[in-house]
Amino acid sequence: MSTERVRDLQQPVQEPQKKQQSKVKVHKKQWISTGEKFLYTAFTGAVMAASIFMVNFTASTDTLNRNIQELEQQVQQQESHNETLAYQVKELSNPDRIIEVAKKHGLDIQNAKVKQAGVLEN
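As the structure is a prediction and not an experimental result, all values here were calculated from the model.

Trainee: Mind showing me how you'd approach the pattern of salt bridges here?
Mentor: Opposite charge on two side chains permits them to pair, given that their charged atoms come into close proximity. Throughout the structure, instances matching the rule amount to one salt bridge. Between Arg66 and Asp62 there is a salt bridge, and its shortest N-O distance comes to 3.1 Å. In this pair, Arg66 and Asp62 both sit in helix α2 (residues 34-92), four residues apart, roughly one turn of the helix. A residue is classified by how much of its surface remains accessible, and Arg66, at 51% relative accessible area, is exposed.

Trainee: I tried to follow the UniProt feature "coiled-coil region" (unreviewed entry) in the chain on my own but got confused; where do I start?
Mentor: As recorded in UniProt, the feature "coiled-coil region" (unreviewed entry) lies at residues 54-88. Regarding residues 54-88, the helix share stands at 100% and the strand share at 0%, and the terminal C-alpha atoms are separated by 51 Å.

Trainee: How should the UniProt feature "transmembrane region" (unreviewed entry) in the chain be read in this particular structure?
Mentor: Annotation from UniProt places "transmembrane region" (unreviewed entry) at residues 38-59. Spanning residues 38-59, this segment combines 100% helix with 0% strand, and its end C-alpha atoms are found 31 Å apart.

Trainee: What is the right way to look at the packing of aromatic side chains in this model?
Mentor: Centre-to-centre distance and the angle between the planes together describe a pair of aromatic rings. Enumeration over the complete set of coordinates arrives at one aromatic pair. Both rings, one in Phe53 and one in Phe57, keep their centres 6.3 Å apart while their planes meet at 20 degrees; by these two values the pair is stacked. Here the residue Phe53 and the residue Phe57 both occupy positions in helix α2, the gap between them amounting to four residues, near one helical turn.

Trainee: Can you walk me through a nonpolar patch on the surface in this structure?
Mentor: Taken together, the side chains of Phe53, Met54 and Phe57 define a hydrophobic patch exposed on the protein surface, amounting to about 380 Å² of accessible area. Overall, the relative accessible area of 52% leaves Phe57 in the exposed class.

What counts as what
- Residues numbered from 1 in each chain as written.
- Predicted model: local features only at pLDDT ≥ 70, side-chain atom pairs only at ≥ 80, totals over all residues.
- Heavy atoms only, no water.
- Salt bridge = Lys/Arg side-chain N within 4 Å of Asp/Glu carboxyl O.
- Helix = DSSP H or I, 4+ residues; strand = E, 2+ residues; numbered from the N terminus.
- Buried < 20%, exposed > 50% of the residue type's maximum accessible area, 1.4 Å probe, protein only.
- UniProt positions renumbered as here; feature names shortened; annotations may be inferred.
- Phe/Tyr/Trp six-rings, centres within 6.5 Å; stacked < 30°, edge-to-face > 60°.
- Patch = residues over 30% accessible without salt bridge, like charges linked within 9 Å, V, L, I, M, F, W, Y side chains within 5 Å.
- Areas by Shrake-Rupley, 256 points an atom, 1.4 Å probe, with all protein chains shown as cover.

In structure tokens, the structure reads:
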């Protein structure tokens with residue numbers, strides 16, 4: 001026999017090897033990197049904070065304006081009331097009316113001239 005044949009006989013028969021499947025991890029390229037996610041989150045947070053601040057500031061300004069308008073209306077009403085009272089004071093201090101009230105209560109005026117009293121200022 002030939003030497004090659006003898007070697008074939010001496011070597012044990014090897015079983016066919018199963019192909020080993022190696023698992024390969026495929027790294028997908030991320031659409032947005034981690035740094036970009038952080039920047040987008042920070043920017044969105046800043047925009048949200050600015051929006052909340054602006055809405056809060058606008059609301060407080062609106063409330064303040066409404067309070068100012070209410071106070072102005074109260075001042076106008078008070079001024080109108082004061083003008084009405086000043087007019088009534090002039091009517092009631094009319095000398096003819098004073099003489100009429102004096103006569104009604106039994107007082108007599110003897111040759112005296114009635115003058116309108118002036119307001120004393122300090």
